[in-house]
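Notes for the structure review
Each chain is listed here by its residues.
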Amino acid sequence: MKDVRDIVVLTGAGISAESGVPTFRGPDGLWEGQRVEDVATPEAFQRNPDLVLNFYDQRRAKLRAVEPNPAHLALGRLDAEWKGRLLIVTQNVDDLHERGGAKRLLHMHGELKSGWCLACGARHVFEGKMAGGPPCPACETSGHVRPDIVWFGEMPYRMDEIDAAIATCDLFVSIGTSGAVYPAAGFVQSARHYGARTLELNLDPSEGSIFFEESRMGRAGELVPRWVDEVLGTAS
């Protein structure tokens, strides 16, 4: 890894699944018992806000019962010890990367523990219940706070920063992603276009496996710590 200085890491549902966080779509096509179309679109929120808010309230509450796994902790160690540039881009809305120690982190699909007031535009830390229409801490208007989550049909956050990091990185690593959700699914092709080395760490081959120079299959909790050891030069 002597020729690598700038790293971009993309993480998806697979890294948090080992902590007990359900993946986005289960084998039955449902997300924790709900059709994705009923809880993850702006139209769903307009149609039935109580259903949507209750769904995310329940998911937020469940975060208290899960803990970071060895993969999250390994990326936290990489963040603390890597001397070059590092950006961890996650598609996940949980806070397990933060609890694992990661600081150079970007949530492209938003965060469960954040609220967005549609009345004044303020975003703020939110850990209680949104159902029932609590007031916005900034403008005190009630009934206009929604989950600060990127739903289908909405633009992922901070794409300019992500694109700039990918354009200048030496190594792009994808961990626990399906390779099916764009724009994240196209990051590997962009990285290769700009000359970066590419590595996939996944439980099974993703839909984009063919675009990676190297793919390692297995549990994130085993693969990621081993890879971080390699990068930091501490592998035995």
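Residues numbered from 1 in each chain as written. Predicted model: local features only at pLDDT ≥ 70, side-chain atom pairs only at ≥ 80, totals over all residues. Heavy atoms only, no water.

As recorded by an unreviewed UniProt entry, the protein chain carries the name NAD-dependent protein deacylase and is attributed to Parasphingopyxis lamellibrachiae. As stated in UniProt under Sequence similarities (unreviewed entry), the record for the protein chain gives "Belongs to the sirtuin family. Class III subfamily." Recorded in UniProt for the protein chain, the comment headed Function (unreviewed entry) runs: "NAD-dependent lysine deacetylase and desuccinylase that specifically removes acetyl and succinyl groups on target proteins. Modulates the activities of several proteins which are inactive in their acylated form." (UniProt positions renumbered as here; feature names shortened; annotations may be inferred.)

1. Things to note about the sheet that holds strand 8 (residues 145-149)
Ordered in space as 7-6-8, the three strands form an open sheet in which the pairing is antiparallel. Sheet topology places strand 7 (123-125) and strand 8 at the edges, where each strand pairs with a single neighbour. Direction aside, the axes of adjacent strands within the sheet are offset by 45° on average. Sheet topology note: the strand 6 (residues 110-117)/strand 7 ladder contains three bridges and is antiparallel. The residue of strand 7 that forms the bridge with Gly115 is His124. (Pairing = 2+ DSSP bridges. Helix = DSSP H or I, 4+ residues; strand = E, 2+ residues; numbered from the N terminus. Axes fitted to C-alpha atoms, helices over the stretch in contact; angles between N-to-C directions.)

2. Observations concerning the environment of Lys113
Locating Lys113 in the fold gives a position in strand 6. Separated by 91 residues in the primary sequence, Lys113 and Asp204 place their C-alpha atoms 30 Å from one another. When neighbours within four sequence positions are excluded, Lys113 is seen to be in contact with Arg60, Leu63, Asp95, His124, Val125, Phe126 and Glu127. (Contact = heavy atoms within 4.5 Å.)

3. Here's the deal with the pairing of strand 6
One ladder, built from four bridges, connects strand 6 with strand 8; its direction is antiparallel. Its bridge partner lying in strand 8, Cys117 is registered against Val145. Linking strand 6 to strand 7, which pair antiparallel, is a turn of five residues; within it Gly121 sits at a positive phi near 85°.

4. Topic: the sheet that holds strand 9 (residues 171-175)
Read from one edge of the open sheet, six strands run 5-4-1-9-10-11, paired in parallel fashion. Each of the sheet's edge strands pairs with one partner strand only, and the pair in question is strand 5 (105-107) and strand 11 (214-217). Between one strand and the next, the sheet's axes are offset by a mean angle of 15°, whatever the strand orientation. Note: strand 10 (residues 197-202) against strand 11, four bridges, orientation parallel.

5. Observations regarding the pattern of salt bridges
Inspection of the entire model under this criterion finds 17 salt bridges. The closest approach of N and O atoms between Asp3 and Arg197, which form a salt bridge, is 3.0 Å. Of the two residues, Asp3 sits in the segment before strand 1 (7-11) while Arg197 sits in strand 10, which places them 194 residues apart along the sequence. Taking the relative accessible area as the measure of exposure, Asp3 reaches 54% and is therefore exposed. One salt bridge in this structure joins Glu230 and Arg216, with 3.2 Å as the shortest N-O distance. Here Arg216 lies in strand 11 and Glu230 lies in helix 9 (residues 220-232), a separation of 14 residues in the sequence. (Salt bridge = Lys/Arg side-chain N within 4 Å of Asp/Glu carboxyl O. Buried < 20%, exposed > 50% of the residue type's maximum accessible area, 1.4 Å probe, protein only.)

6. A word on the nonpolar core
Counting residues in hydrophobic clusters, the biggest one holds 25 residues, and the most contacted among them are Ile7, Val9, Leu75, Leu78, Ile175, Val224 and Trp227. Of all elements in the fold, only strand 1, helix 5 (70-81), strand 4 (86-90), strand 9, strand 10 and helix 9 reach the threshold of two or more residues within this core. The element that contributes the greatest number of residues to this core is helix 9, accounting for seven residues. The residues contacting Ile7, other than those within four sequence positions of it, are Trp82, Arg85, Leu86, Leu87, Cys169, Leu171, Trp227 and Val231. Grouped together as the second largest cluster of nonpolar side chains are 22 residues, Ala44, Phe45, Val52 and Leu53 included. (Core = buried A, V, L, I, M, F, W, Y, C linked by side-chain atoms within 4.5 Å.)

7. What about the UniProt feature "binding site: Zn(2+)" (unreviewed entry) in the protein chain?
Summarizing the sequence annotation, UniProt attributes the feature "binding site: Zn(2+)" (unreviewed entry) to Cys117, Cys120, Cys136 and Cys139 in the numbering used throughout. For the residues just named, distributed over 23 residues, the greatest C-alpha separation is only 8.6 Å, placing them together at one site. Inspection of the secondary structure puts Cys117 in strand 6. A residue is classified by how much of its surface remains accessible, and Cys117, at 0% relative accessible area, is buried. Apart from residues no more than four positions distant in its own chain, Cys117 is found in contact with Ala122, Cys136, Cys139, His144 and Val145. Checked against the element boundaries, Cys139 lands in the loop between strand 7 and strand 8. The exposure class of Cys139 is partly exposed, given its relative accessible area of 29%. In contact with Cys139, other than residues within four places in its own chain, are Cys117, Ala119 and Cys120.

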